[in-house]
Every structure is written in structure tokens, then in C-alpha cells.
Amino acid sequence: EQVKYHLCWDYLKFEKGIIYICFGVILKIGIADQIAGEVNEIFKNISNLNLIDILLAGAFFGVQIYGDFCGYSMIALGLCLLLGFDFPDNFNIPYISQSLSDFWRRWHISLGRFLHQYLYSPLVNKYGIAFQGYAILITFFLSGIWHGIGLNFIIWGLWHGCFMLIERF
């Protein structure tokens, strides 16, 4: 017997999808892509900068990566809504976080949930709560590798893992 699919038009999902796509394009192309060149140029000449310029460049880089990640996530979620699929948001205003762990709960939510569910929790469940610190470091180490293969990504992951350990313990 052939399975029949029934497409149902949902105006509210369609409208929300269009809004998500528009905001995503603004974040990605209108903001992140516009400041990316400037941020890259600043970091190429970092040895010639004072502390204020470096801090400003870091803040602009934070805006750039948020615009990139959140922007393309919103575009993808908007396209899913246009097709009738409803997925949870992937970013929840991470820069207003009260702590590093709160930041990671708000930043790239789907990746964080995946790593927690399939890596961190199984490690702690198998080896016990005494293994929690190692599980945090392993999880952030692999998160760094997920972002890219290279020493800078490994250091980035372990750096955040260490700060999560400090906050936790």
C-alpha cells in the first residue's frame, strides 16, 4: 500500500519562516560579512595596536561570529518552517549570560545538547561523578575539534573546558 502525504498550509509557520530568513540574512550578510574584513585586518596588525584597539577588535569579532552562526541558523530554521518543519531555536541571546555555563546553554544549543546527551552524560554515567571534570575537558576538547582541525581549535576547546571546570568546582 502506498503511503499518502498530506501537505497542510500553515500561514503562521510560513510567516515566521520568512521573518527568520530575513533576520538571518541581516545578521549574516548585513552585519557579520560587513565587519569580517575589518576584523581580519585588525588582527593581522595586532602587534601595532594598543589594548583598547585589541579589546574593541575582540568585541567586533564576537559580533561577527554571532552574526555568522546565528544568522545561518536562523536562515536554516526559516527554510524548515517554510517546509512545515518546526525546530527549536539554536541561539538564545548568549551575550547576556550570567556565567560561562549559562553562555554555553544559550550558544549553539543543538550542538550543546548533542554533546551533553551523547558524550558528557554517558561518560559521567559510566565512570561516575568523580569523572565529571575529565568529562567536561573531553567534551570541550571534542567541541574544539568539531569547529575545526588545528591546534588553535584544540586550545580553544581546552581553554573553555578549563574555565568551565573552574566555574563548576
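Cut-off values and rules
Residues numbered from 1 in each chain as written. Predicted model: local features only at pLDDT ≥ 70, side-chain atom pairs only at ≥ 80, totals over all residues. Heavy atoms only, no water. Helix = DSSP H or I, 4+ residues; strand = E, 2+ residues; numbered from the N terminus. Rg over C-alpha atoms; globule rule 2.2 N^0.38 Å. Buried < 20%, exposed > 50% of the residue type's maximum accessible area, 1.4 Å probe, protein only. Contact = heavy atoms within 4.5 Å. Areas by Shrake-Rupley, 256 points an atom, 1.4 Å probe, with all protein chains shown as cover. Phe/Tyr/Trp six-rings, centres within 6.5 Å; stacked < 30°, edge-to-face > 60°. Core = buried A, V, L, I, M, F, W, Y, C linked by side-chain atoms within 4.5 Å. Salt bridge = Lys/Arg side-chain N within 4 Å of Asp/Glu carboxyl O.

K.L.:
Explain the overall build of the protein chain to me, using residue names and the numbers behind them.
P.N.:
Within the protein chain, the secondary structure is distributed over six helices and zero strands. The C-alpha radius of gyration computed for the protein chain amounts to 20 Å, which surpasses the reference 15 Å derived for 169 residues by more than 25%, pointing to a less compact arrangement than a globule. Overall, the C-alpha framework of the protein chain stretches about 60 × 45 × 30 Å when taken along its three principal axes. Split into buried and exposed, the 169 residues of the protein chain put 33% on the buried side. The long-range share in the protein chain, meaning contacts at least 24 apart out of those at least 6 apart in sequence, stands at 56%. When the accessible surface of the protein chain is totalled, it reaches about 11600 Å², and 68% of it is carbon and sulfur.

K.L.:
With reference to specific residues and values, describe the packing of aromatic side chains.
P.N.:
Inspection of the entire model under this criterion finds 18 aromatic pairs. Geometrically, the ring pair formed by Phe103 and Trp104 is edge-to-face, given 5.1 Å between the ring centres and 85 degrees between the ring planes. Per residue, the accessibility class of Phe103 equals that of Trp104, and both read buried. Of the aromatic side chains, those joined through ring pairs into one cluster are Tyr66, Phe69, Tyr72, Phe91, Tyr95, Phe103, Trp104, Trp107, Phe140 and Trp156.

K.L.:
Any details on the nonpolar core? Residues and values, ideally.
P.N.:
Residues Tyr66, Cys70, Trp104, Trp107 and Ile136 are the most contacted members of the largest nonpolar core, which totals 22 residues. For this core, the elements supplying multiple residues, two or more each, are helix H1 (11-44), helix H2 (51-82), helix H3 (100-106), helix H4 (109-127), helix H5 (132-147) and helix H6 (151-168). Looking at this core element by element, the count peaks at six residues for H4. The contacts of Tyr66, once residues within four sequence positions are left out, are Leu27, Gly71, Phe91, Ile93, Pro94, Tyr95 and Trp107.

K.L.:
Pulling in residues and values, what's your account of the pattern of salt bridges?
P.N.:
Per the stated rule, a full pass over the model turns up four salt bridges. A salt bridge links Asp33 to Lys28, with the shortest nitrogen-to-oxygen separation between them at 2.7 Å. Lys28 sits in the partly exposed class, given a relative accessible area of 23%. Asp68 is the salt-bridge partner of Lys28, the closest N and O atoms lying 2.8 Å from each other. With Lys28 in helix H1 and Asp68 in helix H2, the pair connects residues that are 40 residues apart, well separated along the chain. Residue class for Asp68 comes out buried when judged on its relative accessible area of 18%. Salt bridges here are not isolated pairs; linked through shared partners, they connect Lys28, Asp33 and Asp68.

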